[in-house]
Number of protein chains: 2
Amino acid sequence: MDIEQKALKALLRIAESIYEQLKNGEIPEIEISTRTKYNIEFNEESEVWVYGDRTSTRSAKTLKGAYMMLRMAYVMGFIKEQLKVNKSSTLRELYYISENWGMAKFNEQADSDRLIEDLEILTAFQREHFHIRPEEDGATVIGPIRIREETRRGVREIHCQEDVGEGGYQIPVNVDRLEFVEHDAKFVIAIETGGMRDRLVENGFDEEFDAIIVHLKGQPARSTRRLLKRLNTELGLPVVVFTDGDPWSYRIYASVAYGSIKSAHLSEYLATPAAKFVGIRPSDIVKYNLPSDKLNEQDVKALNAILTDPRFDSDFWRSEVKLQLDLGKKSEQQALAKYGLDYVTDVYLPERLTEMGILKA
Amino acid sequence: MDIEQKALKALLRIAESIYEQLKNGEIPEIEISTRTKYNIEFNEESEVWVYGDRTSTRSAKTLKGAYMMLRMAYVMGFIKEQLKVNKSSTLRELYYISENWGMAKFNEQADSDRLIEDLEILTAFQREHFHIRPEEDGATVIGPIRIREETRRGVREIHCQEDVGEGGYQIPVNVDRLEFVEHDAKFVIAIETGGMRDRLVENGFDEEFDAIIVHLKGQPARSTRRLLKRLNTELGLPVVVFTDGDPWSYRIYASVAYGSIKSAHLSEYLATPAAKFVGIRPSDIVKYNLPSDKLNEQDVKALNAILTDPRFDSDFWRSEVKLQLDLGKKSEQQALAKYGLDYVTDVYLPERLTEMGILKA
C-alpha cells in the first residue's frame, strides 16, 4: 500500500469515528493537540520541538464545532476523490473549491489552511500525502548528486551538475517522490540569498569542495526543509546554513534546524537538528570589518525575542546576540564582496568550515 | 568578437571621451537621455515604448557630476577586470565592492544601480553583457522545446519536458547564452502565479496543446521577459499572458508586452508587443460568476492610473477597466477552481484561446 493510501485510510478513520458516535446516539466530538507555545516540548530522542500531551476537544454541540465537522467531511471527501484520480491541488484551490459546498463553504483561506493542518495532526500524515500543495516555490539544488524523480510523465534521472543549467535542479513540491541514486558529496550548504547562491555556483564551490548547494530563498518552503532533512539522515551528510547576519536570518536557521511552532507536528519530518550555523555571525562583523547597517527597532525587538526563545538557548547564541545588540549593527552575506568576489569561497567559507570540522584542515 | 567584448569596447569609448576632454583642457561632460515619462515615445517600427530625443548633460563642473564620473571610472575599471577573468557579479555585490574605492564609494545601492543603468543607456548594451546580474530569480519553463545552454561547466542540452522534473527548467540569468535547438510548440503561455503554473503542468496542458509554459513569478525578471521575446521573434511563436484579474496583474502583462518606463532603453530587447492578454478579465468575473474580493483603495487608484497610461490606450482595456471599476471586484486565476480542478484546462483556456485565434476551432 503506498503512502497516499495509508494517509487516506487514516482520514477515513476520522470519518468512521464521527459516524460511530452518531450511530450510538452521541453528539460527535474530536480530540486534537492544543497548538500553542505552552504545548511545545523538546523531544530528546529526535532533538526537535514537538507538540506535548495537552489536547482540546471540539464538539458538534457548539455551532462552531458542528461547522468544523461538516467542513472536515467535505474536505475528506474531496481528498478521497482527488487521490482516486491521482490529482493534486493547492491550498488556495481547495479554498475556492469550497465555493460550491453550501453551508460548508470556507469564509477565508486561513480557515481551510487550518483545517488541513488539523487533519495532519489527527492522522499523523502530511498534506503532501493528501496531494495538497502550497503556493510557495521549491528552491534549487546544484552539486554532485544524481536524483531520480517520479513525475506524472514518467521517471527522470537528473545529475544536479551534469544534467542541469546554471539555474540548477528545481526541487519539486513532494520531495518524498525523490530518490537519491548516487553522490560524491561531503556536505550540504544551504544558502539564504540568491546572490550568494549564484556566487558559489559561479566560483565552482560545489565542484572544488564536493558540496551540494541548496538555495533556501529566504524562509525555506517545506519541500526545501524536507530535502535537507533527507540529505542529512539518509545520506549522512552534514548540513550547514549560510545566511545574512540579522535576527530574521537566525530564524531561518532555526526553522531548518529545530522546526517552527506553527508546524511542530511536522518537526520530526522537517527539522534537521544536526544543521550547523555558518554565519554571517555578529562576531564576523567585527572580525572581518564588514560593511553593515544599523539595527532598526524591529531588529532589536527580534533579537531580544531570540534571547528568550528556547530554540536559541545556548552559550553560542546568547553571546552572539548580545554582541550584536552592543554593536547595533547587521551585515549581509554579500558584504563579504568588500574583499573581492572570490573572498567568500577562497577565504571565509574554507576557514569557517575547517573550524567547524566540516572541512579537514 | 563576442558581445561582451563589444560591450567593453563601448564602455571604453566613454572613458576615452572623458580623457580626450581632459586632454583638451575642457571640463569633461557626458550627455545622456532624460529618463522621465515626458521623454517616452512609441516607436512605430518596433511597437514598443522607448526614450525620446531629450538629453541632459552631466558635467564635472558640479561636485555631483564630478563624483558621478569618478564612480563611473571605477565601475568601468571593475567591469573590465571582471570580463577579463570571465566572472560576473550581482548589483548588490558591486555596491559592496565600492567599499574600498575611497571617495568613489557609493552611499547606497540605488546609486550604483542607477549608474549601471546609465552605462546601459550610454553604450546601448545591457548590464548582462557587462556580467552584472540582478538578485531576482529567473523563472521556470516546461514544454516541447530543446534548449542548449552554454554554462561555465560546458554545454548542456535540455529538453524541457523529457529532461526535467515537474519543477521544470530553470531560466538562467543571461538568456542570450541559450540556443533553441528544436521544438514542437504552437504557442507560449506565460503565467503569473505558481499555483496556476502547477495546475497546467499537472493537467498536462503543455502536452495536450503543444504549449510552452513559462512561469512569470509575479512581476517578471528581465531574463524571463527576454526569453519570451526570443521565443516570439526567433521561433515565431504567439505569446499569451495569463494573470490574476487586478490592476497589478495588468501591469505585469504591460511590462511583458510594452516594456516599462524605468527600463525603456531596453524595451526593444525585452518587450514582446505581439503578446496577448488571456485574462482573468473583469468581464470574466461576470461571465463565469467567479469568486471575488472587493477592490481596495489602492486597486481603484491603480485602475484609474491605467485609464491614463498610454500603454493601455485601447477600446478593450478602457471597457474592461471601466467595467471593473463598476463591479468593484477583482478575481484570482485560481478562482476558476470553483468549477473543479480541470475547468481551467478543459473549458476556460481552450474557449478563450480559440476566440483569440491561438487554437484552431
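These figures come from a predicted structure and were not determined experimentally.

**Topic: the packing of helix α2 (residues 63–84) of chain B against helix α4 (residues 109–123) of chain B**
Residue and element names in this part refer to chain B. Remark: α2 packs on α4, axes separated minimally by 11 Å, with the N-to-C direction vectors making an angle of 80°. With respect to α4, the element α2 is oriented roughly perpendicular. Of the residues in α4, those touching α2 at M68, R71, M72, V75, M76 and I79 are L115, I116, D118, L119 and L122. Here the contact of α2 with α4 is built from residues that sort into nine nonpolar, no polar and two charged.

**Let's talk about α2(B)**
Owing to its 3.6 residues per turn, the α-helix aligns residues three or four sequence positions apart on the same side. Residue and element names in this part refer to chain B. Its 22 residues give α2 an end-to-end C-alpha distance of 32 Å, which sits within 8% of 32 Å, the value for a rise of 1.5 Å per residue. All of the buried residues in α2 are G65, M68, M69, R71, M72, V75, M76, F78, I79, Q82 and L83. Looking one or two residues past α2, N86 carries a phi angle of roughly 55°, positive in sign.

**Considering the relation of the copies chain B and chain A**
Aligned on chain A, chain B shows an RMSD of 0.1 Å; the corresponding rotation is 180° and the shift along the axis is 0.0 Å. Such a combination of rotation and displacement between the chain copies is what one expects of a two-fold axis. Of every C-alpha in chain B, the one belonging to Q170(B) sits nearest the axis of rotation, 3.4 Å from it. Both copies share a contact surface, since 100% of the interface residues of chain B are interface residues in chain A too.

**Here we look at unusual backbone geometry**
Geometrically, the link from G279(A) to I280(A) is a cis peptide bond, its omega value of 5° lying close to zero. Tracing the backbone through its elements, the reader meets I280(A) in the loop between β15 (276–279) and α10 (282–287). Within the chain, A124(B) stands out as a residue other than glycine whose phi angle is a positive 65°. On the secondary structure map, A124(B) appears in the loop between α4 and β6 (132–133). The class for A124(B) is exposed, based on a relative accessible area of 61%. In this structure, D210(B) takes a positive phi of about 50° despite not being glycine.

**A word on the pattern of salt bridges**
Residue and element names in this part refer to chain A. One pass over the structure, following the stated rule, counts 59 salt bridges over all chains. A salt bridge links E355 to K287; the shortest N-O distance between them is 3.7 Å. Of this pair, E355 sits in helix α13 (residues 343–355) while K287 sits in helix α10, and the two are 68 residues apart along the sequence. Judged by relative accessible area, K287 falls into the partly exposed class, the value being 48%. The salt bridge involving R352 is made with E355; its shortest N-O contact spans 3.4 Å. Of this pair, R352 and E355 both sit in helix α13, three residues apart, which is roughly one turn of that helix.

**Observations concerning the interface of chain B and chain A**
In many reports, interface size means the accessible area that the parts give up when they come together. Counting from both sides, the interface comprises 52 residues of chain B and, opposite them, 53 residues of chain A. Summed over both sides, the interface of chain B with chain A buries roughly 4700 Å², with 43% coming from carbon and sulfur. When the area that chain B buries against chain A is broken down by residue, the three leading residues are Y96(B), R153(B) and E202(B), summing to 16%. The interface formed by chain B and chain A includes 19 salt bridges. The shortest N-O distance in the salt bridge between D342(A) and K87(B) comes to 2.7 Å. Applying the counting criterion to the chain B and chain A interface returns 34 residue pairs in polar contact (both at pLDDT 80 or more). If you list the elements that add at least two residues to the side of chain B that touches chain A, you get α2, β5 (89–90), α3 (91–97), β7 (140–142), β8 (145–151), β9 (154–159), α5 (194–202) and α6 (205–209) of chain B. With five residues, the top contributor of residues to the side of chain B that touches chain A is α5(B).

**Description of the sheet that holds strand β11 (residues 178–183) of chain A**
Residue and element names in this part refer to chain A. Strand order in the open sheet formed by three strands is β9-β8-β11, and the pairing between neighbours is antiparallel. The strands lining the two open edges of the sheet, one partner per strand, are β9 (154–159) and β11. In this sheet, adjacent strand axes meet at a mean angle of 20° when their direction is disregarded. Examined bridge by bridge, strand β8 (residues 145–151) and β11 share five bridges and lie antiparallel to one another.

**Topic: the domain arrangement of chain A**
Residue and element names in this part refer to chain A. Parsing chain A into structural domains produces domain 1 (1–133) and domain 2 (140–356). Using C-alpha coordinates to define each centre, domain 1 is positioned 32 Å away from domain 2. Each partner contributes to the interface: domain 1 provides 21 residues, whereas domain 2 provides 19 residues. Together, the buried faces of domain 1 and domain 2 total about 1800 Å²; carbon and sulfur atoms form 54% of this surface. Linking domain 1 with domain 2 are two salt bridges.

**A few points about helix α4 (residues 109–123) of chain A**
All names here are of chain A. For α4, with 15 residues, the first-to-last C-alpha span of 21 Å sits near the 21 Å given by 1.5 Å per residue. If you check which residues of α4 are buried, you get Q109, S112, L115, I116, E117, D118, L119, E120, I121 and T123. Two residues or fewer past α4, A124 is found with a positive phi of approximately 60°.

The rules we used
Along every chain, residues carry numbers that run from 1 in the direction the sequence is written. Chains and ligands are labelled sequentially in the order written, the chains with letters from A and the ligands with numbers from 1. For a predicted model such as this one, the threshold for reporting local features is a pLDDT of at least 70, and the threshold for listing and counting side-chain atom pairs is 80 or more; totals across whole chains, interfaces and linings nevertheless cover every residue. In computing side-chain values, all of the structure's heavy atoms are included and hydrogens and water are not. As a rule, the C-alpha atoms of each element are fitted with a line to give its axis, helices using only the stretch in contact, and angles between N-to-C directions run from 0 to 180 degrees. Think of it this way: any DSSP run of H or I at least four residues long counts as a helix, any run of E at least two long counts as a strand, and we number them from the N terminus. Note on terminology: angles under 35 degrees are roughly parallel, angles over 145 are roughly antiparallel, angles of 65 to 115 are roughly perpendicular, and the others are oblique. By definition in these notes, contact holds between two residues if any of their heavy atoms fall within 4.5 Å. As a working rule, the residues Ala, Val, Leu, Ile, Met, Phe, Trp, Tyr, Cys and Pro are called nonpolar, Asp, Glu, Lys and Arg charged, and the rest polar, with Gly in that last group. The length a helix should cover is 1.5 Å for every residue beyond the first. Burial status follows relative accessibility: with a 1.4 Å probe on protein chains alone, a residue under 20% of its type maximum counts as buried, one over 50% as exposed, and anything between as partly exposed. The least-squares superposition of copies is restricted to C-alpha atoms, and to residues with a pLDDT of at least 70 in both copies. Criterion for a salt bridge: a side-chain nitrogen of Lys or Arg within 4 Å of a carboxyl oxygen of Asp or Glu. What counts as buried area is the accessible surface, traced by a 1.4 Å probe, that two parts surrender upon association, with contributions from both included. Polar contacts, as used here, are pairs of N or O atoms within 3.5 Å; protein pairs need one atom able to donate a hydrogen and one able to accept it. Residues neighboring in sequence count only if both atoms are side-chain atoms. By this definition, two strands are paired if DSSP reports at least two bridges between them. Annotation comment: domain bounds sourced from an automatic or database domain assignment.

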